[in-house]
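Tertiary structure, described
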Amino acid sequence: MDYAPVRSALLQHGWTAEPHDYDGAPPIARYPEVDCGQGWQAVCSVGYRKGDNVVYLAMDPAADGHLRLLGAE
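Residues numbered from 1 in each chain as written. Predicted model: local features only at pLDDT ≥ 70, side-chain atom pairs only at ≥ 80, totals over all residues. Heavy atoms only, no water.

Description of the pattern of salt bridges
Going by this rule: We define a salt bridge as a side-chain nitrogen of Lys or Arg found within 4 Å of a carboxyl oxygen belonging to Asp or Glu. Burial status follows relative accessibility: with a 1.4 Å probe on protein chains alone, a residue under 20% of its type maximum counts as buried, one over 50% as exposed, and anything between as partly exposed.
All chains considered together, the criterion is met by three salt bridges. Notably, a salt bridge pairs arginine 68 with aspartate 64, separated by 2.8 Å at the nearest N-O pair. For arginine 68, a relative accessible area of 37% gives the class partly exposed.

Regarding the pairing of strand E4 (residues 53–61)
Applied cut-off: Should DSSP find at least two bridges between two strands, the strands are taken to pair. Helix numbering and strand numbering both begin at the N terminus, where a helix is a DSSP run of H or I of at least 4 residues and a strand a DSSP run of E of at least 2.
Taken together, the seven bridges between strand E3 (residues 44–50) and E4 define a ladder with antiparallel strand orientation. When the sheet's bridge partners are listed, tyrosine 48 is paired in E4 with valine 55. Sheet analysis places E4 next to strand E5 (residues 67–72), joined by five bridges and oriented antiparallel. Counterpart to aspartate 60 in the pairing with E5 is arginine 68. Counting the residues that bridge the hairpin from E4 to E5 gives five residues, and of these glycine 65 lies at a positive phi of roughly 90°.

Here you go:
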């Protein structure tokens, strides 16, 4: 599943992105809340909060520019 519809649904239902921990420009300009590792097995991640609830998403940055959801916890 692509990250874009997941992001949209979370935001529409009142979830807010957790602050990221990178310096400088975000790794993916259209998703400034997402942080990505480096290297050939790097994944991207983001956390969303709503009240006391938090969900973390792990994504694979695909060559076509999409972020494919790998899992959530």
